[in-house]
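# Remarks on the overall topology
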2 protein chains.
Amino acid sequence: MTDDPPLSPALLPSGFVDLLTPDARTEAEGVATLMDVFASHGYDRVRPPLMEFEETYLAGAGASLAEQSFRVMDPDTRRMMVLRPDITPQIARMAATRAGGAARPLRVSYAGTCVVVAPVAAEESGRQVMQTGIELIGPDSPQADAEILAVGAEALERLGVTGVSFDLTMPPFIPALLEEAGIPASSRPALLRALDRKDAAAVAEHGGALSTTLTALLESSGAAEHAVARLTGLNLPPRARAILDRLVDTVAAIRESRPDLRLTVDPVEFRGWKYHTGVCVTVFATGRSEELGRGGRYLCNDNEPACGLTFRPDVLFRLIPAAAPRKRVYLAPDADRAEAARLRAQGFATIGGFSAGPQAMEDARRLGCDFVLSGLARTDVS
Amino acid sequence: MTDDPPLSPALLPSGFVDLLTPDARTEAEGVATLMDVFASHGYDRVRPPLMEFEETYLAGAGASLAEQSFRVMDPDTRRMMVLRPDITPQIARMAATRAGGAARPLRVSYAGTCVVVAPVAAEESGRQVMQTGIELIGPDSPQADAEILAVGAEALERLGVTGVSFDLTMPPFIPALLEEAGIPASSRPALLRALDRKDAAAVAEHGGALSTTLTALLESSGAAEHAVARLTGLNLPPRARAILDRLVDTVAAIRESRPDLRLTVDPVEFRGWKYHTGVCVTVFATGRSEELGRGGRYLCNDNEPACGLTFRPDVLFRLIPAAAPRKRVYLAPDADRAEAARLRAQGFATIGGFSAGPQAMEDARRLGCDFVLSGLARTDVS
């Protein structure tokens, strides 16, 4: 390593960036807006730590996240710690420990930074990932699933993100169906690949006794009402039927409060879900492949039902207007202090000037100020 | 390791904690208040990343922070990355790279999480450390030092933190004085230890030709006006005199804008400062040994003058009242949606209820709600 040429001081590891103004402010203000909407629905803010013992983090909902986690040794205990790749497993742990005795339903919100060893999806570039989300712990009902989604939709609206689509799926459905239909283990990999690629011909080829059903499922994918109409008529074995009925009930519960949302259903999607056990949702903006957020139903560490939704502010903030800058005032060294304080209270940024006279005007121009305050007198920057 | 008994799921590594409500909200709102004051003085928010290449992070102002840094390997480049123990060196790097061409004075603010291998001071317990601060890059003047301190004081006042003391010191002073006075290297360790412990007898014993001067310096420590009066009369060699004159000028510059601040000077303090090159400040709350913040003058990566001040919100938030909770309303399943939205807009938290009738009242009580909304009717929780 010592033979390598020295790194440029500007070089950061891939997936890590410096945010400058206005991006850093847009993100911070966007997170505050999301957290405010969450709080208005009774989701109390918590802040789990950036690092935990690997053994406890990976024990519960985090088990599937091992390969995404950076690890370091705790010199105190010589146990390994993980730098969290995801906050949801921490909420699950808190719900079972410090918040174990808190009244249910337990509603919590969080905003924090996560780090993943490699970007999760091919189209993503970040390894430092901001997460802002909510978790609803206790109830296991279509109404709870619907609440999470409705609160998320309201948060996006407050942020000014429009043209959003909520794509529902049910990761346990396909595995249950294949199991119940007795599809031999040897045929499953090819069939799962075909379903994942939505390749109707390959599904028909590898589907065996399920060919007709799976083809119908593929065709049912789309707008929620279209999907529900098709799914209701399908003949399915009991466990698969029950899973799908829950999805249909969730659509109905969402429609009760939000008939206007753009809602789609894909009953055969199952890839990319780690610890989820029920209805899941991916949030997209029209015409963009990056996810704005995702969430769904899972089990807390003590098998308590829970559901949640996590947004990616670093993706979201690219879709909203930059935070408006404050108007700037250059304070000459003799500027009246009380007047400067009044200007700040009115929303101006006052820039402490170290120059007077013509140099003050020159500095004010260079620093983007609208006027110079000298004594109580304002002089516009020409 | 595999023979160890399993960890309790509630156990976190020492120095890492779960913050619940209201603490998590108090911290977040406190940070927002600090950042708002910083922005009102023209400090633009930036957000450097949580991790950087070790080689670049430790190259500049961060060189002295190596032993405080957790390190992991970047699987992409096989170079080591550090989990930042401090944000200021990142600002110094940004000032020399991406913000190298930005107009000077460059004013930036930041709020973010740092991780240290071990708590920095014995009285501290945290290894995950929140930092919120400002840096003023370009000018090297008493006015710049004074601005940082005045903006910091205003931020604490807005937060409601009272009884604050700003303790000024000049870390390069004692090394320069010992050097100029020709104190032999063999005597310095004992003398520095004596100065560090403020042990007047030992200072007299090991001080050699400087005994009288060092004793006078020890006695000059205290309230700023007392210190300045004593320091001005001292006979000092030229470099030491220049360093001290700058401290005296900085006190005068601070007094011009803030005659009311509790300001102390300790000219012989030098320990615990890593990369600082001029006037430094430690912020204390009366009667507490923990620092609320610290800062001072240093050099950016390309030797550009800079000064900054960093607060510790995790310490600060213990000194301010907890963030006031929202009043909570239980929404029965038939609650009027428009009325619920109106209540949220008025600052209430509406708790989505999954029960109706007497069970709704019972749930509302358990969840800390003030009343139940059913249709448009409110029923107080008894």
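Residues numbered from 1 in each chain as written. Chains lettered and ligands numbered in written order. Predicted model: local features only at pLDDT ≥ 70, side-chain atom pairs only at ≥ 80, totals over all residues. Heavy atoms only, no water.

## Observations regarding the domain arrangement of chain A
Residue and element names in this part refer to chain A. Applicable threshold: Bear in mind that the domain bounds are from an automatic or database domain assignment. What gets called buried area is simply the loss in accessible area from a 1.4 Å probe that two parts show on being joined, summed for both. We define a salt bridge as a side-chain nitrogen of Lys or Arg found within 4 Å of a carboxyl oxygen belonging to Asp or Glu. The definition of a polar contact used here is a pair of N or O atoms within 3.5 Å, where within protein one atom must be able to donate a hydrogen and the other to accept one, and adjacent residues in sequence count solely through side-chain atom pairs.
Split by domain assignment, chain A resolves into domain 1 (12-160 + 300-322), domain 2 (172-272) and domain 3 (328-380). Using only C-alpha atoms to locate each centre, domain 1 and domain 2 end up separated by 28 Å. Each partner contributes to the roughly 740 Å² buried at the junction of domain 1 and domain 2, and carbon and sulfur atoms together form 62% of this total. Three residues, Pro142, Ala146 and Leu149, lead the burial of domain 1 against domain 2; their summed loss comes to 51% of the area buried on that side. In this structure, the connection of domain 1 to domain 2 is made through three salt bridges. Between Glu157 and Arg258 there is a salt bridge, and its shortest N-O distance comes to 2.6 Å. The interface formed by domain 1 and domain 2 includes four residue pairs in polar contact (both at pLDDT 80 or more).

## Focus on the UniProt feature "binding site: L-histidine" (unreviewed entry) in chain A
All names here are of chain A. The condition that has to hold: UniProt positions are given in the numbering used here, feature names are shortened, and annotations may be inferred rather than shown by experiment. Helix and strand definitions here come from DSSP, where helices need a minimum of 4 consecutive H or I residues and strands a minimum of 2 consecutive E residues; each element is numbered from the N-terminal end. Pairs of residues are marked as contacts when any of their non-hydrogen atoms sit within 4.5 Å. Each residue's exposure class comes from its accessible area (1.4 Å probe, protein chains only) as a fraction of the maximum for that residue type: buried when under 20%, exposed when over 50%, partly exposed otherwise.
When the UniProt feature table is mapped to this numbering, "binding site: L-histidine" (unreviewed entry) covers Asp86, Ile87, Thr88, Gln131, Glu135 and Arg271. As for its placement among the helices and strands, Ile87 is situated in the loop between strand E4 (80-83) and helix H3 (88-96). In contact with Ile87, not counting residues within four places along its chain, are Pro48, Tyr110, Gly112, Cys114 and Gln131. Within the secondary structure, Thr88 is located in helix H3. The exposure class assigned to Thr88 is buried, which follows from its relative accessible area of 4%. Filtering out sequence-adjacent residues up to four positions away, Thr88 remains in contact with Tyr110, Gln131, Glu135, Tyr275, Tyr298 and Thr310.

## Details of the environment of Tyr275(A)
Residue and element names in this part refer to chain A. Looking at where Tyr275 falls in the secondary structure, it is placed in the loop between strand E9 (262-265) and strand E10 (276-285). Once the C-alpha coordinates of Tyr275 and Leu20 are considered, the two residues, 255 residues apart in sequence, prove to be 35 Å apart. Polar contacts involving the side chain of Tyr275 include one to the side chain of Asp86, which spans 2.8 Å.

## Describing the interface of chain A and chain B
Opposite the 83 residues of chain A that make contact, chain B presents 83 residues. Between chain A and chain B the total buried area reaches about 7,400 Å² when both faces are included, carbon and sulfur atoms providing 58% of it. Three residues stand out in chain A for area buried against chain B, namely Asp18(A), Arg47(A) and Phe354(A), and they jointly supply 10% of the buried area on that side. Viewed at the interface, chain B and chain A are joined by 12 salt bridges. As a salt-bridge pair, Arg47(A) and Glu27(B) come within 2.9 Å of each other at their nearest N and O atoms. With seven residues, helix H1 (residues 23-40) of chain A is the single largest residue contributor to the side of chain A that touches chain B.

## A short note on the sheet that holds strand E2 (residues 51-53) of chain A
All names here are of chain A. Applied cut-off: Strands pair, by our definition, only if DSSP identifies at least two bridges between them. In this description, a line fitted to the C-alpha atoms serves as the axis of each element, helices being fitted only across the stretch in contact, and the angle between N-to-C directions of two axes falls anywhere from 0 to 180 degrees.
Sheet architecture is open: three strands sit in the order E2-E4-E3, paired in antiparallel fashion. Pairing within the sheet leaves two strands with one partner each, and these edge strands are E2 and strand E3 (70-73). Between one strand and the next, the sheet's axes are offset by a mean angle of 35°, whatever the strand orientation. Across three bridges, the pairing between E2 and E4 is antiparallel. Within the sheet, the bridge partner assigned to Phe53 lies in E4 and is Met81.

## Digging into the side chain of Ser211(B)
All names here are of chain B. Structurally, Ser211 is set in helix H8 (residues 211-220). Of the residues examined, Ser211 reaches a relative accessible area of 14% and is grouped as buried. Setting aside anything within four residues of it in sequence, one finds Ser211 in contact with Val203 and Ala204.

## Regarding the sheet that holds strand E14 (residues 349-352) of chain B
Strand pairing in a sheet relies on backbone hydrogen bonds. The paired strands run either parallel or antiparallel. Residue and element names in this part refer to chain B. Spatially, four strands are ordered E14-E13-E15-E16 in an open sheet, and the strand pairing comes out mixed. Two strands lie at the open edges of the sheet, namely E14 and strand E16 (377-380), each paired on one side alone. Neighbour-to-neighbour, the strand axes of this sheet turn through a mean angle of 30°, independent of strand direction. In the sheet, strand E13 (residues 328-331) pairs with E14 via four bridges, with the strands oriented parallel. Within the sheet, the bridge partner assigned to Tyr330 lies in E14 and is Ile351. Each of E13, E14, strand E15 (371-374) and E16 is contacted by helix H12 (residues 337-345), which is oriented at about 145° to E15, the strand it contacts most.

## Structural notes on the relation of the copies chain A and chain B
Just so we agree on the cut-off: Our superposition of the copies is a least-squares fit, built on the C-alpha atoms of residues whose pLDDT is at least 70 in both.
Under the fitted operation, chain A is carried onto chain B by 0.0 Å of movement along the axis and a turn of 180°, and the coordinates agree to an RMSD of 0.0 Å. Considering both components of the superposition, the chain copies are consistent with a two-fold axis. Across chain A, the rotation axis passes nearest the C-alpha of Val72(A), at a separation of 3.4 Å. A shared binding surface is used by both copies, with 100% of the interface residues of chain A retained as interface residues in chain B.

## What to know about the pairing of strand E3 (residues 70-73) of chain B
Residue and element names in this part refer to chain B. Side chains Phe70 and Val72 of E3 all project onto a buried face; the interleaved residues Arg71 and Met73 project onto a face where none is buried. Pairing of E3 with strand E4 (residues 80-83) involves four bridges; the strand directions are antiparallel. Across the sheet, the residue bridging to Arg71 is Val82, located in E4. The turn linking E3 back onto E4 is made up of six residues, and Arg78 within it adopts a positive phi angle of 60°.

## Regarding the packing of helix H5 (residues 173-180) of chain A against helix H6 (residues 188-196) of chain A
Residues and elements named next belong to chain A. Stated formally: Two helices cross in a left-handed way if the nearer one is turned anticlockwise from the farther one by less than a right angle. They cross in a right-handed way if the turn is clockwise. The nonpolar class holds Ala, Val, Leu, Ile, Met, Phe, Trp, Tyr, Cys and Pro. Asp, Glu, Lys and Arg form the charged class, and all remaining residues, Gly among them, are polar.
It is the contact of H5 with H6, at a shortest axis distance of 12 Å, that shows an interaxial angle of 145°. Seen from above, H5 lies across H6 with right-handed handedness. In this structure, H5 uses Ile174, Leu178 and Glu179 to contact H6, whose residues at the interface are Arg188, Leu191, Leu192 and Leu195. Across the contact of H5 with H6, the residue classes tally to five nonpolar, no polar and two charged.

## Here we look at the packing of aromatic side chains
All names here are of chain A. Put simply, the test is: The aromatic pairing rule takes the rings of Phe, Tyr and Trp, using the six-membered ring of Trp, and pairs them if the centres are within 6.5 Å, calling planes under 30 degrees apart stacked, those over 60 edge-to-face and the rest tilted. Placement of a positive charge over a ring is assigned whenever Lys NZ or Arg CZ falls within 6 Å of the ring centre and within 35 degrees of the normal to the ring plane.
Under the definition given, this model contains four aromatic pairs over all chains. Consider the rings of Tyr275 and Tyr298, whose centres lie 5.8 Å apart with planes at 75°: the pair is edge-to-face. Linking Tyr275 in the loop between E9 and E10 with Tyr298 in strand E11 (residues 291-299), this pair joins segments that are 23 residues apart in sequence. Between the aromatic rings of Phe348 and Phe371, the centroid separation amounts to 5.9 Å while the plane-to-plane angle is 75°, which identifies the pairing as edge-to-face. Taken as a pair, Phe348 in the loop between helix H12 (337-345) and strand E14 (349-352) and Phe371 in strand E15 (residues 371-374) lie far apart in primary sequence, 23 residues in all. The exposure class of Phe371 is buried, given its relative accessible area of 7%. Of note, Arg294 hangs over the ring of Trp273, and the distance from its end group to the ring centre comes to 4.1 Å.

## Some remarks on helix H13 (residues 357-366) of chain B
All names here are of chain B. The criterion, for reference: Throughout, the arc means the angular range of directions from the helix axis out to the C-beta atoms.
Looking at H13, one finds that the buried residues are Ala360, Met361, Asp363 and Ala364. Angularly, the buried residues of H13 cover 165° about the axis, an arc narrow enough to put them on a single face. In this fold, the buried residues of H13 make contact with E13, E15 and E16.

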